[in-house]
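As a plain string of letters, each chain reads:
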Amino acid sequence: MSHSPHAAGHLTPGVLGHGQIPYSEPGTPGNHPSTVGFIGVGNIGAAIARNLAVYAAKHKGDSHSFVIYNRTKAKAEKLVSDVEERLAAHGGIISIKVADTVDEVVEASDIIIASTNCDESSINLAKQIAELVKTAKPRVRIIVETSTLYPTAAGQIDSILTADNNTHFVAAPVFGAPQAAKEGKLILCLAGDYASKKKIAYLLVPAAARKCIDLGGNVEKVAAFKLLGNSFIVGTLELLAETHTFAEKIGVGSQAFHDLLGDLFPAPPVAGYSKRILTDDFDASNGFQIDGGLKDVHHMQRLATEHQVPIPIIDI
């Protein structure tokens, strides 16, 4: 398995800039272009791919090429079109194409960034990649999974992929709504092989994420960390909904509470969620699908049960 020891003192997150993430500079000097493959380009995956491709085109030292696969091919084609239009407007040239199969992505890519909708899909994809690697052109490959996984699922994926000595796995769940992803303001969490984490951190920060948090070598730990963060978000949503309702029932009104909230807790995510409740804006195209949210909640409840930690606000 690719779990590597991680030195103390490397857990301080960096904000923006390659010199401010929690790793030393890459060991090999000079430009070494990679082919970056994407499997799954939903709201978050598409935003990461788009930002990374545009960033690479605008920074001549980052001359990567890109190959995109999505089960619904039209989404991948739209992504490529969006990138080409943006580059045509602002300058920059890059190699980016749509793949017809996962096989094409595995064969062509040095780095594969996957984003799936459930643990089962992530595990099945890992098995598929592991089989394809056996007959693909030999090379060192880094497989990055950005999905929210249950800890044991992350561990299973790590074991499947790293059975091949040239394949490394990095669990890289992200925090941030689709709008934050579009703006390149995600918070990137990493665990896995140290050298691979270094490469992925330099690839994605600041191109697609504003900050990197290193959770060490144990991929199950970063999966648990992601669920911990999501549990706080879900709990905040429940508290906001209850308080908005309370404000209406006692005649104060939701608007007054929303304004107060902005003064007491001037955090953009809190204000954003409060505004959506205030205006009844529950359009999933600007956020997350309810089935994905419920999947995460079930993971939180399972993890809490296993560790005998009550989480009543989540259980509501």
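Enquirer: How do you make sense of the packing of helix H5 (residues 151-161) against helix H8 (residues 219-249) when you look at a structure like this?
Expert: Packed helix pairs are characterised by how far apart their axes lie and by the angle those axes make with each other. Closest axis-to-axis distance for the H5/H8 pair is 8 Å, and the angle between their directions is 150 degrees. For the pair H5 and H8, the sense of crossing is right-handed. On the side of H5, the interface is formed by Pro151, Thr152, Ala154, Gly155 and Asp158, while H8 contributes Val219, Glu220, Ala223, Ala224 and Leu227. Of the residues in the contact of H5 with H8, the class split is six nonpolar, two polar and two charged.

Enquirer: Sorry if this is basic, but what is going on with the environment of Gly293 here?
Expert: With respect to the helices and strands, Gly293 occurs in helix H11 (residues 290-306). When the C-alpha atoms of Gly293 and Asn230 are compared, they prove to be 9.2 Å apart, with 63 residues separating the residues in sequence.

Enquirer: How do you make sense of the pairing of strand S6 (residues 141-145) when you look at a structure like this?
Expert: Side chains on a regular strand alternate between the two faces of the sheet. Burial runs high along S6: five of the five residues are buried. Here strand S5 (residues 111-114) runs beside S6; their pairing, made up of four bridges, is parallel. Within the sheet, the bridge partner assigned to Ala114 lies in S6 and is Glu145. Following the backbone out of S5, through helix H4 (residues 119-133) and into the adjacent parallel S6, one traces a crossover that is right-handed. Here S6 pairs with strand S7 (residues 167-171) via five bridges, running parallel. Counterpart to Val144 in the pairing with S7 is Val170.

Enquirer: Just checking my understanding: could you explain the pattern of salt bridges for this structure?
Expert: For side chains bearing opposite charge, pairing can occur when the charged atoms are close. Under the defined criterion, the tally for this structure stands at 10 salt bridges. Measuring nitrogen to oxygen at the nearest pair gives 3.1 Å for the salt bridge that ties Asp82 to Lys78. Here Asp82 and its partner Lys78 are both found in helix H2 (residues 73-90), four residues apart, which amounts to about one turn of the helix. Here Lys134 and Glu131 are joined by a salt bridge, their closest N and O atoms 2.9 Å apart. Judged by its relative accessible area of 62%, Lys134 is exposed. Here the salt bridges do not stand alone but share partners, grouping Arg50, Lys78 and Asp82 into one network.

Enquirer: How should I be thinking about the packing of aromatic side chains in this particular structure?
Expert: This structure, assessed with the given rule, holds one aromatic pair. Ring centres of Phe175 and Phe225 lie 6.2 Å apart, and the angle between their planes is 85 degrees; this geometry places the pair in the edge-to-face category. One end of the pair, Phe175, is in strand S8 (residues 174-175); the other, Phe225, is in helix H8, with 50 residues separating them in the sequence. Overall, Phe175 belongs to the buried group, its relative accessible area being 14%.

Calculation criteria
Residues numbered from 1 in each chain as written. Predicted model: local features only at pLDDT ≥ 70, side-chain atom pairs only at ≥ 80, totals over all residues. Heavy atoms only, no water. Axes fitted to C-alpha atoms, helices over the stretch in contact; angles between N-to-C directions. Helix = DSSP H or I, 4+ residues; strand = E, 2+ residues; numbered from the N terminus. Left-handed = near helix turned anticlockwise from the far one by under 90°. Contact = heavy atoms within 4.5 Å. Nonpolar A, V, L, I, M, F, W, Y, C, P; charged D, E, K, R; others polar. Buried < 20%, exposed > 50% of the residue type's maximum accessible area, 1.4 Å probe, protein only. Pairing = 2+ DSSP bridges. Right-handed = clockwise from strand over helix to strand, strands pointing away. Salt bridge = Lys/Arg side-chain N within 4 Å of Asp/Glu carboxyl O. Phe/Tyr/Trp six-rings, centres within 6.5 Å; stacked < 30°, edge-to-face > 60°.

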